[in-house]
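Each chain, written out:
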Amino acid sequence: MKNAWVILGIVISFSHFSCGNATKDKINTKMANTESSHAQLETITFGAGCFWCVEAVYQRVKGVHSVVSGYMGGKMKNPSYRDVCTGLTGHAEVCQLTYDPKQVSFETLLEIFWQTHDPTTLNRQGADVGTQYRSAIFYHTQAQKAAADQWKQNLNTKKVFPNPIVTEIVAESTFYPAEDYHQDYFNQNGEEPYCKIVIKPKMDKFLKAFKDKLN
């Protein structure tokens, strides 16, 4: 693990707006990048609060070919956003990434994950509260699991965060893509209050901290 100490220096801005209360009237969607048929791509699924925030961050990372917002970790089949928002389905809001490990390492994706949300708050991120907003890494390979476990252990041992990390690290399960209007949300709805007040400040810090990793 490299540069774990940097995480403590990056302050994430939260507001009283919540993901579930923001306007959702635009339904056009587009993927961040087109998947290359020749690349040996890998997949990882992250839950770090509202998937609009997670999507906006990873769309801008060099080597990430696609970011799809959706739901994972629950028992209900084909859940809707409304179902997941009840907190009763067991699903987390997640983003499923496909990436080229020759262009971006899994270590870098993990470093971004830890730095762009608070992994110490159980079932909440800022004003977004509920099990659907839990911090989670749904690994797709044993190598991903080992790396994620090591990062979590090291961050806790070094007390990089003032409180213990509560991020769950579990095997992937069925992924359900979210409704079209959730895809590419920040790019399509940047003037919405939630995007301007919650996502943009987080994006500004991310872009500054990882400028050498961006498209």
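Note that this is a predicted model, so its numbers are computed, not measured.

Engineer: How should I be thinking about empty space enclosed by the protein in this particular structure?
Structural biologist: The gaps of empty space that remain are located by a probe, the size of a water molecule, rolled over the atoms. This model, assessed by the stated rule, comprises three cavities of 30 Å³ or more. Put simply, the second largest cavity is a space of about 50 Å³. Lining the second largest cavity, in full, are Ala48, Cys53, Val54, Val57, Tyr58, Thr116, His117 and Lys202. Ranked by the residues each element gives to the lining of the second largest cavity, the list is headed by helix H1 (residues 51–58), at four residues. Split into classes, the residues belonging to the lining of the second largest cavity amount to five nonpolar, two polar and one charged.

Engineer: Where do I start with helix H6 (residues 193–209) in this structure?
Structural biologist: What sets the pattern is the α-helix's 3.6 residues per turn: residues three or four places apart point alike. Between its first and last C-alpha, H6 extends 24 Å over 17 residues, near the 24 Å set by a 1.5 Å rise per residue. Of all bends in H6, the biggest is about 40°, found at Ile199, and the proline Pro201 comes one to four residues later. Restricting attention to buried positions, one finds in H6 the residues Tyr194, Cys195, Val198, Ile199, Lys202, Met203 and Phe206.

Engineer: Before we go on, may I ask you to explain the nonpolar core in this structure?
Structural biologist: The nonpolar side chains of a soluble globular protein tend to be buried, and buried together. In terms of nonpolar packing, the biggest core is built from 49 residues, with Phe46, Tyr58, Leu97, Leu109, Leu110, Ile137 and Ile199 touching the most fellow members. For this core, the element with the highest residue contribution is H1, accounting for seven residues. Setting aside its immediate chain neighbours within four residues, Leu97 contacts Glu42, Thr43, Ile44, Phe46, Tyr58, Val64, Ser66, Val67 and Leu109.

Engineer: Honestly, the environment of Thr43 in this entry has me stumped. Any pointers?
Structural biologist: Structurally, Thr43 can be placed in strand E1 (residues 42–48). A relative accessible area of 23% means that Thr43 is categorised as partly exposed. Thr43 sits 95 residues away from Phe138 along the chain, and the two C-alpha atoms are 9.9 Å apart. Ignoring sequence-local partners within four residues, the contact set of Thr43 consists of Gln96, Leu97, Thr98, Tyr99, His140 and Gln144.

Quick notes on the rules
Residues numbered from 1 in each chain as written. Predicted model: local features only at pLDDT ≥ 70, side-chain atom pairs only at ≥ 80, totals over all residues. Heavy atoms only, no water. 1 Å grid on protein atoms, 1.4 Å probe; cavity = no way out; pocket = protein on both sides within 12 Å on 5 of 7 lines; lining within 4 Å. Points joined across faces, edges and corners; volume = space filled by probe spheres on them. Helix = DSSP H or I, 4+ residues; strand = E, 2+ residues; numbered from the N terminus. Nonpolar A, V, L, I, M, F, W, Y, C, P; charged D, E, K, R; others polar. Expected span 1.5 Å × (residues − 1). Bend = angle between axes of the 7 residues up to and from the residue. Buried < 20%, exposed > 50% of the residue type's maximum accessible area, 1.4 Å probe, protein only. Core = buried A, V, L, I, M, F, W, Y, C linked by side-chain atoms within 4.5 Å. Contact = heavy atoms within 4.5 Å.

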